[in-house]
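# Reading the structure
Listed below are the residues making up each chain.
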Amino acid sequence: MAVVTGASRGAGKGIALALGEAGTTVYVTGRTGAAGETELPGTVYETAAEIDRRGGTGIPVICDHSRDDQVEALFKQVEREHGGLDILVNNAFAIHPDLARKGPFWEKSLALQDMFDVGMRSAYVASYYAAPLLIKNGAGLIVNTSSFGGRCYMHGPAYGAGKAAVDKMAHDMAVDFRPYNVAVISLWMGLLKTERTKALFEGAPDRYASFAAAAESPEFSGRLIDALARDPDLMKRSGQVLIGAELGEELNVRDTDGTRPHSHRETLGDPPTFNKAIVQ
């Protein structure tokens, strides 16, 4: 049983679909409940329905992850209906139109700091309320979706700080969860073929041809998470920041088109290595 946050579209939708296709019951959370509420397509109900069509069970839940009361209510619903939890994917993220606009941060909207709320803080809050359900099951997995932006300059300091934070959060939460056999990792995804990037590629096909060719499907990350959850050596990876493409090589996971995505380690940097010291 899994909860995937921010799954109306994009990475969250792809992850939810892949988990559902593997037979998992997936709670799909997001703010979009009806078509036309946003410029991009996708709703929690559409994602849940597609999970059902693929053989899983999708449960849509309208949840604003900037609202702690709504997040608490989400996990109370999970406990009421299923008793425990196997997988939490912290993917909810506030994307502002200025995110990828070129220029220094002070020339962009101050609203980019919303990523600290839905993206960084929301991962902490969801993990907080999910913890008792994961522990109750006797084993579990939390995945924070992240990117190379936690280690290199990518979209400016707000984006980078948020990604670096969820990477460190995974490391530190892993220390607290280890006695309970619950693993926590941060997953660096590559460029994804989401509704947003597809629109960008289609608007300037010649300019973005090389990027489109190297992009991963959002479902690739979901396949990785499913393989991780089934890995008997999962706890050995707990607390680490993992590059999705490299994890695919290790676990023999391919993208939906049968290819193996390429790691961008050589151009965008290595995952962080954290000190083993524990100060309590």
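Okay, so let's go over this structure. Owing to the predicted nature of the structure, the values given are computational and were not obtained by experimental measurement.

Of the regular secondary structure elements, the protein holds 11 helices and seven strands. The globule rule puts the C-alpha radius of gyration for 280 residues at 19 Å, and the 18 Å found for the protein is close to it. With the C-alpha coordinates of the protein rotated into their principal frame, the extents come out at 50 × 45 × 40 Å. Burial analysis of the protein (280 residues in total) assigns 50% to the buried set. Put simply, 69% of the contacts in the protein that link residues at least 6 apart link residues at least 24 apart. On the protein, roughly 13300 Å² of surface is accessible, and the fraction owed to carbon and sulfur atoms is 52%. Separation between the mean location of the 29 positive side-chain charges and that of the 35 negative ones in the protein comes to 2 Å.

Another aspect to go through is the sheet that holds strand 5 (residues 140-146). The sheet built from seven strands is open, its strands ordered 3-2-1-4-5-6-7 with parallel pairing. Sheet topology places strand 3 (57-62) and strand 7 (241-243) at the edges, where each strand pairs with a single neighbour. Across this sheet, the average inter-strand angle for adjacent strands is 20°, counted without regard to direction. As judged from the three bridges shared by strand 1 (residues 2-4) and strand 2 (residues 25-30), these two strands associate in the parallel manner. Bridged to Val4 within strand 2 is Val28. The strands touched by helix 2 (residues 44-53) are strand 2 and strand 3; relative to strand 3, the strand with the most contacts, the crossing angle is about 170°. Each of strand 4 (87-90), strand 5 and strand 6 (182-188) is contacted by helix 4 (residues 114-137), which is oriented at about 180° to strand 4, the strand it contacts most.

What follows covers the environment of Gln70. Inspection of the secondary structure puts Gln70 in helix 3 (residues 68-82). Of the residues examined, Gln70 reaches a relative accessible area of 25% and is grouped as partly exposed. Along the chain, Gln70 and Ser122 lie 52 residues apart, while their C-alpha atoms are 11 Å from each other. Excluding residues that lie within four positions of it along the chain, Gln70 makes contacts with Ile62, Cys63 and Asp64.

As a further point, take the pairing of strand 3. Bridge count between strand 2 and strand 3: six bridges; the pairing is parallel. Within the sheet, the bridge partner assigned to Thr25 lies in strand 3 and is Thr57.

With that out of the way, let us pick up the pattern of salt bridges. Applying the stated rule across the entire model yields 17 salt bridges. Sharing partners across several salt bridges, the network here consists of Glu21, Glu50, Arg53, Arg54 and Glu219.

Attention now moves to unusual backbone geometry. Glycine aside, residues mostly have negative phi angles, and peptide bonds mostly take the trans form. You will see that His155, though not glycine, has its phi angle at about 65°, which is positive. Residue class for His155 comes out partly exposed when judged on its relative accessible area of 33%. Located in the positive-phi region is Asn181, a residue other than glycine, with phi close to 65°. Inspection of the secondary structure assignment puts Asn181 in the loop between helix 5 (157-177) and strand 6.

Summed over all chains, the structure comprises four aromatic pairs. Ring centres of Phe105 and Trp106 lie 5.2 Å apart, and the angle between their planes is 85°; this geometry places the pair in the edge-to-face category. With 4.8 Å between their ring centres and 50° between their planes, Phe148 and Trp188 make a pair best called tilted. Pair noted here: Phe148 is in the loop between strand 5 and helix 5 and Trp188 is in strand 6, with a separation of 40 residues, a long-range link.

Our focus in this paragraph is the environment of Tyr124. By secondary structure assignment, the location of Tyr124 is in helix 4. Residue Tyr124 is classed as partly exposed on the basis of its relative accessible area, which comes to 48%. C-alpha of Tyr124 to C-alpha of Ala215: the two residues are 91 residues apart in sequence and 29 Å apart in space. Excluding anything up to four places from it in sequence, Tyr124 contacts Met169 and Met173.

The rules behind the values
Residues numbered from 1 in each chain as written. Predicted model: local features only at pLDDT ≥ 70, side-chain atom pairs only at ≥ 80, totals over all residues. Heavy atoms only, no water. Helix = DSSP H or I, 4+ residues; strand = E, 2+ residues; numbered from the N terminus. Rg over C-alpha atoms; globule rule 2.2 N^0.38 Å. Buried < 20%, exposed > 50% of the residue type's maximum accessible area, 1.4 Å probe, protein only. Contact = heavy atoms within 4.5 Å. Areas by Shrake-Rupley, 256 points an atom, 1.4 Å probe, with all protein chains shown as cover. Lys, Arg positive; Asp, Glu negative; His and termini not counted. Charge placed at Lys NZ, Arg CZ, Asp CG, Glu CD. Pairing = 2+ DSSP bridges. Axes fitted to C-alpha atoms, helices over the stretch in contact; angles between N-to-C directions. Salt bridge = Lys/Arg side-chain N within 4 Å of Asp/Glu carboxyl O. Phe/Tyr/Trp six-rings, centres within 6.5 Å; stacked < 30°, edge-to-face > 60°.

It is worth stressing that arrangement in space is one thing and function is another; only the former is reported here.
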